Amino acid sequence: ACGRMKDSSKSRVPMPVLLVGKSGVGDAVDSFNLNAAYFEAKNVPVLGSVFNRLPLEGFYSLENCKKAIESYFEQYRPDKQPFGFIPEVQGIANSRKETNESDALENGDGRSQLDVAMDHAGQFIEAFAKYVDVAAIISAAKEATGTYRGSLVTNYDGAGESLRATKRARIDQGSNMSNAASQHDIRLSRAQIEEAAKRAGAAGG
């Protein structure tokens, strides 16, 4: 999680976190909760998650996992959101192995490892744009940041009022002590005043 400091005397404003989850259902949900708990303990807002590398077919297919995970979030994590479910992109799963082999074999098409990697990146970007609600992520991030800043203002105002109340109490306490001392002086008898004057060097009359 990233954050910024406006100056050393102010609290850090953390950037909201978007978690990237794994395929499946149970393990994906458990992993999300574990990581979300860590950031929340640090007062870093967690928006939700994007679940990655889901197969298009089989028991744990993208559609099956999507239904189960969305149901879980609706019931147990309504303040978080699954923003998307990205399928396994064909050609990327073994991309590291493939790029290394293409370099080792000096592929006849003349493409370098960087060329192959850029192709894979382009494929993933296309899949991300298709399966992830990017606009919803941006909207949730703005809302979470605004809510956090609002809590900072509320806490600052509360602390300021507490300091002002303490200052007023000290002033009132000092005023009461001064009044008590004044009342004590007024109540001195004539004999006490004369005795104090004699100790101070005044001649008796």
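Look above for the structure.
It should be emphasised that the depicted structure is a prediction, and the values quoted were computed from it without experimental measurement.

Some points on the packing of aromatic side chains
Here comes step 1: Enumeration over the complete set of coordinates arrives at eight aromatic pairs.
Here comes step 2: Ring geometry for Tyr 72 and Phe 73: centres 6.0 Å apart, planes at 80 degrees, overall edge-to-face.
Here comes step 3: The class for Phe 73 is buried, based on a relative accessible area of 3%.
Here comes step 4: Consider the rings of Phe 124 and Phe 128, whose centres lie 6.1 Å apart with planes at 45 degrees: the pair is tilted. Linking Phe 124 with Phe 128, this pair stays in helix H4 (residues 113-131), spanning four residues, or about one helical turn.
Here comes step 5: Phe 124 gets classed as partly exposed once you look at its relative accessible area, which sits at 31%.
Here comes step 6: Classification of Phe 128 as partly exposed rests on a relative accessible area of 27%.
Here comes step 7: Connected via pairs of aromatic rings, a cluster forms that spans Phe 32, Phe 51, Tyr 72, Phe 73, Tyr 76 and Phe 85.

Some details on the nonpolar core
Most often, soluble globular proteins keep nonpolar side chains buried together rather than apart.
Here comes step 1: Counting residues in each nonpolar core, the largest one holds 16 residues, and the members touching the most others are Leu 19, Phe 51 and Ile 69.
Here comes step 2: Only strand S3 (17-21), helix H1 (26-41), strand S4 (46-54) and helix H2 (62-76) provide two or more residues apiece to this core.
Here comes step 3: It is H1 that contributes the most residues to this core, five residues altogether.
Here comes step 4: In this structure, Ile 69 is in contact with Gly 24, Ala 28, Val 29, Phe 51, Pro 82 and Phe 85, ignoring residues within four places of it in sequence.
Here comes step 5: Phe 83, Ala 127, Val 132 and Ala 144 belong to the second largest nonpolar core, which has 12 residues in total.

Some points on the sheet that holds S4
Here comes step 1: Strand order in the open sheet formed by three strands is S3-S4-S5, with parallel pairing between adjacent strands. Bordering the open sheet on either side are S3 and strand S5 (81-87), each of which pairs with just one other strand. When strand polarity is set aside, the average angle formed by the axes of neighbouring strands in this sheet is 20 degrees.
Here comes step 2: The sheet contact formed by S3 and S4 spans five bridges and is parallel.

Details of H4
Here comes step 1: Taking 1.5 Å of rise per residue, 19 residues should cover 27 Å, and H4 covers 27 Å from first to last C-alpha, within 8% of that figure.
Here comes step 2: Listed in full, the buried residues belonging to H4 are Val 116, His 120 and Ala 127. Relative to the axis of H4, the buried residues are bounded by an arc of 30 degrees and lie together on one face. Turned more than 90 degrees from where H4 packs its buried face, Leu 114, Met 118, Ile 125, Glu 126 and Ala 129 sit exposed.

Quick look at the environment of Gln 123
Here comes step 1: If you trace the backbone, Gln 123 turns up in helix H4.
Here comes step 2: Using a relative accessible area of 28% as the deciding quantity, one classes Gln 123 as partly exposed.
Here comes step 3: Taking the C-alpha atoms as reference, Gln 123 lies 8.7 Å from Gly 91; in sequence the two are 32 residues apart.
Here comes step 4: The residues contacting Gln 123, other than those within four sequence positions of it, are Val 89, Gln 90 and Ile 92.

Observations regarding the side chain of Lys 80
Here comes step 1: For Lys 80, the position within the fold is in the loop between H2 and S5.
Here comes step 2: Within the structure, the side chain of Lys 80 is placed 3.3 Å from the side chain of Asp 79, a separation counted as a polar contact.
Here comes step 3: Apart from the residues within four sequence positions on either side, Lys 80 is in contact with Phe 32, Glu 40, Val 46, Leu 47, Gly 48 and Phe 73.

A word on the pattern of salt bridges
Here comes step 1: One pass over the full model with this rule turns up five salt bridges.
Here comes step 2: A salt bridge links Glu 40 to Arg 77, with the shortest nitrogen-to-oxygen separation between them at 3.2 Å. Taken together, the positions of Glu 40 in helix H1 and Arg 77 in the loop between H2 and S5 put the pair 37 residues apart, joining distant regions of the chain.
Here comes step 3: On the basis of relative accessibility, which here comes to 33%, the residue Glu 40 falls in the partly exposed class.

Rules used throughout
Every chain begins its residue count from 1, and numbering advances along the sequence as written. For this predicted model, a pLDDT threshold of at least 70 governs which residues receive local features, and a threshold of 80 or more governs which side-chain atom pairs are given and counted, while totals over whole chains, interfaces and linings are taken from all residues. Hydrogens are left out, water is left out, and the side-chain values use all remaining heavy atoms of the structure. Only Phe, Tyr and Trp rings are paired, with Trp represented by its six-membered ring, and only when their centres lie within 6.5 Å; those with planes under 30 degrees apart are stacked, over 60 edge-to-face, the remainder tilted. Only protein chains enter the accessibility calculation, which uses a 1.4 Å probe. A residue is then buried if its area is under 20% of the maximum for its type, exposed if over 50%, and partly exposed in between. Under the scheme used here, helices are H or I runs from DSSP no shorter than 4 residues and strands are E runs no shorter than 2 residues, and both carry numbers assigned from the N terminus. Among the buried residues, those of types Ala, Val, Leu, Ile, Met, Phe, Trp, Tyr and Cys that are joined through side-chain atoms within 4.5 Å form a nonpolar core. Residue contacts are counted whenever heavy atoms from the two residues lie within 4.5 Å of one another. Strand pairing is assigned whenever DSSP identifies at least 2 bridges connecting the two strands. Axis definition: a line fitted to C-alpha atoms, limited for helices to the stretch in contact. Angles are taken between N-to-C directions and run from 0 to 180 degrees. Here the expected span of a helix is defined as 1.5 Å times the quantity of residues minus one. Relevant arc is that of directions from the helix axis to the C-beta atoms, nothing else. Any pair of N or O atoms that falls within 3.5 Å is considered a polar contact. Within protein, one atom must be able to donate a hydrogen and the other to accept it, and sequence-neighbouring residues count only if both atoms are side-chain atoms. By convention in these notes, a salt bridge is any Lys or Arg side-chain nitrogen within 4 Å of a carboxyl oxygen on Asp or Glu.

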